[in-house]
Structure formats: C-alpha cells, structure tokens
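# Architecture at a glance
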Amino acid sequence: MDPYFIANFAKGVSALVGGCFFFYVGVLHFTDTEWFEPIVPKELGNPRFWVYLSGLFEIILGIGIILPYYRPEASILIAMMLVILYWANLNMWVNDIPIGGSTLSTNGHILRALAQAFLIWMALWIGDWLPSKQ
C-alpha cells in the first residue's frame, strides 16, 4: 500500500476522532459548567464566561478539524487553544484545586500535561504543520 495513502487515512481518522472529542468536551462546557469553573484562574474574573467561551471554541474547532477544507486552520487553532488553556490546568496543579470533586496527584498532573502535549502534537500533525521527511 502507498505510504502517502496510509498517512492521509490515519490523519483523516484521527481528525474525526479528535474532532468528535473536542466537540463532546465543548458541549460539556455548556452542560456541566460547574465541573470546569474551579480551575479558571481568578485573574480572569467570571469563570462561567471563560468556560462558555472555551467550550464554544472547542465545538467550532472540533467541527473544523473534521472538515478537510478547514482542517489546516482548525488544527493550528486547536494547538494554540490548548497552549492557552493549559493555564487552567497549571492553575489547578499549582493551587491544588479539585476538579470533579477530586484533586490529582503530581503524577496525575504530569500525565495530564503529557496528554495536552500529545494533543498539541496530534493537531499539528493532522493539519500538516509539522516538518515532513519528504
């Protein structure tokens, strides 16, 4: 099989799965705002506003990465969004803020940071923003 076909197929499947994930998490920002609100940095003010705004971006960009025409732009915007949203995760870690009724261990926070880094890498890979070997 053609390696180019396999790579594009893998990117398409990853875009579909990733897009559905972001869409779902974005919807959760509207249906369970109380779960996300505690980790919004206090410096930002009204946590519900930021939860709604980030959820809106996750829904829009989740749909965008699924659609091949918008995939390059959506993927770079997802990577940027994840970098920006890490502030909330870092806030949760530094201030030992519980989310969903539980606090994470140091290992849990490290795994969460690694998952965030992987999602950033995956978004950049899906959108062909990473340097190619070709």
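Before going into details, it helps to say that this report is about the structure given with it. The numbers attached to residues start from 1 for each chain and follow its sequence in the written order. Where totals are concerned, whole chains, interfaces and linings use all residues; where local detail is concerned, this predicted model gives features only for residues with pLDDT of at least 70, and gives and counts side-chain atom pairs only at 80 or more. Here the side-chain values reflect all heavy atoms present in the structure, with hydrogen atoms and water set aside.

### Section: the nonpolar core
Membership of the largest hydrophobic core comes to 14 residues, with the highest contact counts inside it found for I65 and I78. Going through the elements one at a time, α1 (3-31), α3 (47-66), α4 (71-94) and α5 (106-126) are the ones with two or more residues in this core. By definition, residues are in contact when any of their heavy atoms lie within 4.5 Å. If near-sequence neighbours (up to four positions away) are discounted, I65 is found in contact with A15, G19, R71, A74, S75, I78 and I126. With 5 residues, the next largest nonpolar core counts I39, M92, I97 and I99 among its residues. We define the nonpolar core as a collection of buried residues of types Ala, Val, Leu, Ile, Met, Phe, Trp, Tyr and Cys that are connected through side-chain atoms lying within 4.5 Å of one another. Accessible area is worked out with a 1.4 Å probe on protein chains only. A residue is then buried under 20% of its type maximum, exposed over 50%, and partly exposed in between. Counting from the N terminus, the helices are DSSP H or I runs at least four residues long and the strands are E runs at least two residues long.

### A short note on α1
Here, expected helix span is obtained from the residue count minus one, scaled by 1.5 Å. In this model α1 runs 42 Å from its N-terminal to its C-terminal C-alpha over 29 residues, within 8% of the 42 Å that 1.5 Å per residue would give. Of the residues making up α1, those classed as buried are K11, S14, A15, G18, G19, F22, V25, G26 and H29.

### Regarding the layout of surface pockets
With a 1 Å grid spanning the protein atoms alone, the term cavity applies to any set of points in which a 1.4 Å probe fits but cannot get out, the term pocket to an open set with protein on both sides within 12 Å along at least five of seven lines, and the term lining residue to any residue with an atom within 4 Å of a point. Grid points are joined across faces, edges and corners, and a volume is the space filled by probe spheres set on the points. The space that makes up the largest pocket amounts to roughly 890 Å³. Along the wall of the largest pocket there are 33 residues; nearest its centre are H29, S54, E58, M81 and L85. Among the secondary structure elements, those contributing two or more residues to the lining of the largest pocket are α1, α2 (33-36), α3, α4 and α5.

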